[in-house]
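Below are the chains, spelled out letter by letter.
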2 protein chains.
Amino acid sequence: MKNLLTRTSIRKYSDKPVEEALLDRLMNEAARTQTMGNLQLYSVVVTRSDEMKRKLAPAHFNQPMVTEAPVVLTICADFHRTSVWARQRKAVPGYNNFLSFVNGAIDALLYTQTLCNLMDEEGLGYCYLGTTVYMPQMIIDTLNLPQQVVPLATLTVGWPAEKPQQTDRLPLDSFVHRETYHDYTADDINRYYQLKESLEENQNFCKINNKETLAQIFTDIRYTKKDNEAMSAGLMEVLRKQGFME
Amino acid sequence: MKNLLTRTSIRKYSDKPVEEALLDRLMNEAARTQTMGNLQLYSVVVTRSDEMKRKLAPAHFNQPMVTEAPVVLTICADFHRTSVWARQRKAVPGYNNFLSFVNGAIDALLYTQTLCNLMDEEGLGYCYLGTTVYMPQMIIDTLNLPQQVVPLATLTVGWPAEKPQQTDRLPLDSFVHRETYHDYTADDINRYYQLKESLEENQNFCKINNKETLAQIFTDIRYTKKDNEAMSAGLMEVLRKQGFME
C-alpha cells in the first residue's frame, strides 16, 4: 500500500485547499469497507467553517490542528439513519442497546481506517484525534447529533507542511500470539520495550518530567487513572443520553 | 488502493496455503497504523490448528468459514501487555475502566482494517466476522485471553476460491453531513434506500421470509431487539469479568 510504511501523523498543513471533489471521492471509496449486514452504521460530519472548528476545538483540548487544518472530519457510530428507515418501512428497530453501539462503533472505525489509508496514498496528511471519546457531549452538541449517533473518531486533514520523524513500533512477536495467548515473562517485556525505552526522545521525557521510567509517563501524566475514570463515567452517560443503554 | 473498489468478502478458500512469512509481513506492516500514545493496544491470535478452529466455531454460530479457512485471526483490545510492562517498571496502571476498553477497541479496529486493506492488495481473501462481540466469553476461554484482553474482530483468511458479486452501498450524501448533522426527510430515506430495496436478491429475501419490507428482515430476523438485548448483557458482563468496568 503506497506510503503506508513511511506514514506519520501530520499536524501542520499547507495553505493548499483540500478540494471537496477529492475528499468526496475518498469518502465514497472508503465505503467499500465491509459493514454489518451492509447497513453502513456510520456517518461523517465534514467541518470546513472556521466557526465550527473553533466550537469543536475545546472537546479536543484545543489542540491547534483542529482550527488550523483545512478540514476536520468527525466519524460517528450511527444507528439513527437505519432506525429512521426502519420506522418508515413499518419495521420496529431494536437498536437502543449496548451491542448496537459496539456494532456501530466497529463499522465507523473500520470505515475511518480505510479512509486514512486512502488519504495516505493520495499524499494527504491527517492526524487521528483520540480525544473524540473523551468529552463526546461537546461534539454532539456542536454537530447537532441526534439519538443513536455517537462520535468515535476525528481526523484533521490537509496537505502536509511538515515531515516528522517516524515513531517506533513494537516487534511483531510482542502482539502476535500463535494458537493461544501466551503471557509475558519479565524477559519478554524487557526485550519488547527495549527500543522504545532507549530512544533519546523518551529518555528526555523522563528527565523533564522527573520520572524514573517511561511507563510512569503514561500512568502518571498522559493517561492517568483519575482522568480515565472521570471520562469513563462521562462516556457511559453519553451512551445513555444517546439512547444506547436502554 | 489496489482492489479496494472491486473487493468483496470471501467465504470460500482454495487449498493453497497462506504462508506464515507473508501473513507475518502483513501483520507487521499493519502496525504502522496510528495508535494511542504509540502503545499499540491490541493483540492478534493466529489460529491454524484444526482443533482450535473447531473450538472457535460455535462462538461464530458455526459459520463454515471458521473451520474451512486456512487461517483465523482474532484481533483483541489489549491493555494487558501495557499493564504488565507498567507494573514491571514501577508504574501503577489505571486502565481497568470503560474508557480504556474503548481506547483498546479503537486501536484494535484501526489495526484490523489496515490489515484488511493490505490483504485486499495482496489478493488474499477474508471475511470479517461480526459475531466476535456476540459471545466473546467462548472466545476468551478458547484462546486463553487474560484480564484486560477482549476479542473485537475475527478474520477468516485464505486464497479466494469464489468470486462473489459485489454488494450495493448507500450514496455518499446519505452518510456525509456538511458542518452539522442534517436529519433525514421521508424523501431522503426513499431516495437513499431505493437501490437497496429494488435489488432482486433483497426482494426475494422478503418473499421467502414473508415480510412486507426489507427493513423488517433486519429488525425481525437478522438483528432482533431480543437478541441484541441478550448479547448486550453478555458483552457487558464480559467487560466486567475482563476487568474493564472497575
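Summarised in this report is the structure supplied together with it. The shown structure was predicted, so the numbers you read here are calculated from the model rather than taken from an experiment.

Conventions we followed
- Residues numbered from 1 in each chain as written.
- Chains lettered and ligands numbered in written order.
- Predicted model: local features only at pLDDT ≥ 70, side-chain atom pairs only at ≥ 80, totals over all residues.
- Heavy atoms only, no water.
- Helix = DSSP H or I, 4+ residues; strand = E, 2+ residues; numbered from the N terminus.
- Buried < 20%, exposed > 50% of the residue type's maximum accessible area, 1.4 Å probe, protein only.
- Contact = heavy atoms within 4.5 Å.
- Areas by Shrake-Rupley, 256 points an atom, 1.4 Å probe, with all protein chains shown as cover.
- Buried area = accessible area lost by both parts, 1.4 Å probe.
- Salt bridge = Lys/Arg side-chain N within 4 Å of Asp/Glu carboxyl O.
- Polar contact = N/O pair within 3.5 Å; in protein donor to acceptor, adjacent residues only side chain to side chain.
- Nonpolar A, V, L, I, M, F, W, Y, C, P; charged D, E, K, R; others polar.
- Pairing = 2+ DSSP bridges.
- Core = buried A, V, L, I, M, F, W, Y, C linked by side-chain atoms within 4.5 Å.
- 1 Å grid on protein atoms, 1.4 Å probe; cavity = no way out; pocket = protein on both sides within 12 Å on 5 of 7 lines; lining within 4 Å.
- Points joined across faces, edges and corners; volume = space filled by probe spheres on them.
- Axes fitted to C-alpha atoms, helices over the stretch in contact; angles between N-to-C directions.
- Phe/Tyr/Trp six-rings, centres within 6.5 Å; stacked < 30°, edge-to-face > 60°.
- Lys NZ or Arg CZ within 6 Å of the ring centre and 35° of its normal.

Turning our eyes to something else, we now look at the overall build of chain A. Across its full length, chain A holds 11 helices and five strands. Expressed along its principal axes, the backbone C-alpha trace of chain A runs to roughly 60 × 45 × 35 Å. Looking at chain A residue by residue over its 246 residues, the buried ones come to 63%. Relative to all contacts within chain A whose residues are 6 or more apart in sequence, the contacts with residues 24 or more apart total 79%. Carbon and sulfur atoms make up 50% of the accessible area of chain A, which amounts to about 9,800 Å² in all.

What follows is about the environment of Asn97(B). Mapped onto the secondary structure, Asn97(B) falls in the loop between helix H4 (80-88) and helix H5 (98-122). Along the primary structure Asn97(B) and Met236(B) are separated by 139 residues, whereas in three dimensions their C-alpha atoms are 12 Å apart.

Before going further, it helps to spend a moment on the interface of chain A and chain B. Facing the 114 residues of chain A at the interface are 114 residues of chain B. The junction of chain A with chain B conceals about 10,400 Å² of combined surface from both sides, 58% of it contributed by carbon and sulfur atoms. For the pair chain A and chain B, the interface holds six salt bridges. Of the charged contacts in the structure, one is a salt bridge between Arg178(A) and Asp24(B), with a shortest N-O distance of 3.0 Å. At the surface where chain A touches chain B, the tally comes to 82 residue pairs in polar contact (both at pLDDT 80 or more). By residue number, the principal contributor to the side of chain A that touches chain B is helix H5 (residues 98-122) of chain A, which donates 16 residues. Across the side of chain A that touches chain B, the residue classes break down as 55 nonpolar, 37 polar and 22 charged. In this structure, strand S5 (residues 176-178) of chain A lies alongside strand S1 (residues 42-47) of chain B, joined through three bridges in parallel fashion. Residue pairing in the sheet places Val176(A) in a bridge with Val44(B) of S1(B).

Moving on to the nonpolar core. Ranked by size, the top nonpolar core spans 180 residues in total, and within it Leu73(A) and Leu73(B) carry the most contacts. In this structure, Leu73(B) is in contact with Leu23(B), Met27(B), Val44(B), Val45(B), Val46(B), Leu115(B), Ala153(B), Thr154(B), Leu155(B) and Val157(B), ignoring residues within four places of it in sequence.

One pass over the structure, following the stated rule, counts one cavity of 30 Å³ or more. Roughly 90 Å³ of internal volume is contained in the largest cavity. Lining the largest cavity we find Phe101(A), Val102(A), Ala105(A), Ile106(A), Leu109(A), Leu152(A), Phe101(B), Val102(B), Ala105(B), Ile106(B), Leu109(B) and Leu152(B). Every element with two or more residues in the lining of the largest cavity is listed here: H5 of chain A together with H5 of chain B. Here the residues of the lining of the largest cavity sort into 12 nonpolar, no polar and no charged.

Moving on, we come to the sheet that holds strand S2 (residues 71-78) of chain A. Taken together, the five strands give an open sheet; going across it, the order is S3(A)-S4(A)-S2(A)-S1(A)-S5(B), and neighbouring strands pair in mixed fashion. At either end of the open sheet lies a strand with only one pairing partner, and these are strand S3 (125-129) of chain A together with strand S5 (176-178) of chain B. Each adjacent strand pair in this sheet contributes to an overall mean axis angle of 25°, direction not counted. Bridge count for strand S1 (residues 42-47) of chain A against S2(A) is six bridges, and the pairing is antiparallel.

Of all the nine residues making up H4(B), seven are buried; the element is thus mostly covered by neighbouring parts of the structure. The complete set of buried residues in H4(B) reads His80(B), Arg81(B), Thr82(B), Ser83(B), Val84(B), Trp85(B) and Ala86(B). Contacts from the buried residues of H4(B) go to helix H7 (172-175), helix H8 (186-198) and helix H10 (214-222) of chain A together with S1, strand S2 (71-78) and strand S4 (149-158) of chain B. Of the residues flanking the end of H4(B), it is Lys90(B), one or two places downstream, whose phi is positive at about 55°.

This part covers the pattern of salt bridges. A side chain of one charge can pair with a side chain of the opposite charge when the charged atoms of the two come close. Under the defined criterion, the tally for this structure stands at 26 salt bridges over all chains. Measuring nitrogen to oxygen at the nearest pair gives 3.2 Å for the salt bridge that ties Glu51(A) to Lys55(A). Of this pair, Glu51(A) and Lys55(A) are both found in helix H2 (residues 50-56), four residues apart, which corresponds to roughly one turn of the helix. Residue classification places Glu51(A) among the partly exposed residues on the basis of a relative accessible area of 46%. Across the pair Lys225(B) and Glu229(B) runs a salt bridge, and its minimum N-O distance is 3.2 Å. One end of the pair, Lys225(B), and the other, Glu229(B), are both in helix H11 (residues 225-241), four residues apart, so they sit about a helical turn from each other. On the accessibility criterion, Lys225(B) (35% relative accessible area) is partly exposed.

Once that is clear, we can look at unusual backbone geometry. Residue and element names in this part refer to chain A. The phi dihedral of Asn38 is positive, around 55°, even though this residue is not glycine. The residue Asn38 is located in the loop between helix H1 (20-30) and S1 in this model. Looking at Asn38, the relative accessible area reads 12%, which means it is buried. Of note in the backbone geometry, Gln40 takes a positive phi value of approximately 50° without being a glycine. Within the secondary structure, Gln40 sits in the loop between H1 and S1.

Moving on, we get to the packing of aromatic side chains. Across all of its chains, the model carries 25 aromatic pairs over all chains by this definition. Relative to Tyr184(A), the ring of Tyr181(A) lies with its centre 6.1 Å away and its plane at 85°, an arrangement referred to as edge-to-face. Tyr184(A) carries the same exposure label as Tyr181(A), and that label is buried. Over the face of the ring belonging to Trp159(B) we find Lys16(B), whose NZ or CZ atom lies 4.0 Å from the ring centre. When the ring centre of Tyr192(B) is taken as origin, the NZ or CZ atom of Arg191(B), which lies over that ring, is 5.1 Å away.

Purely geometric numbers; function is a separate question.
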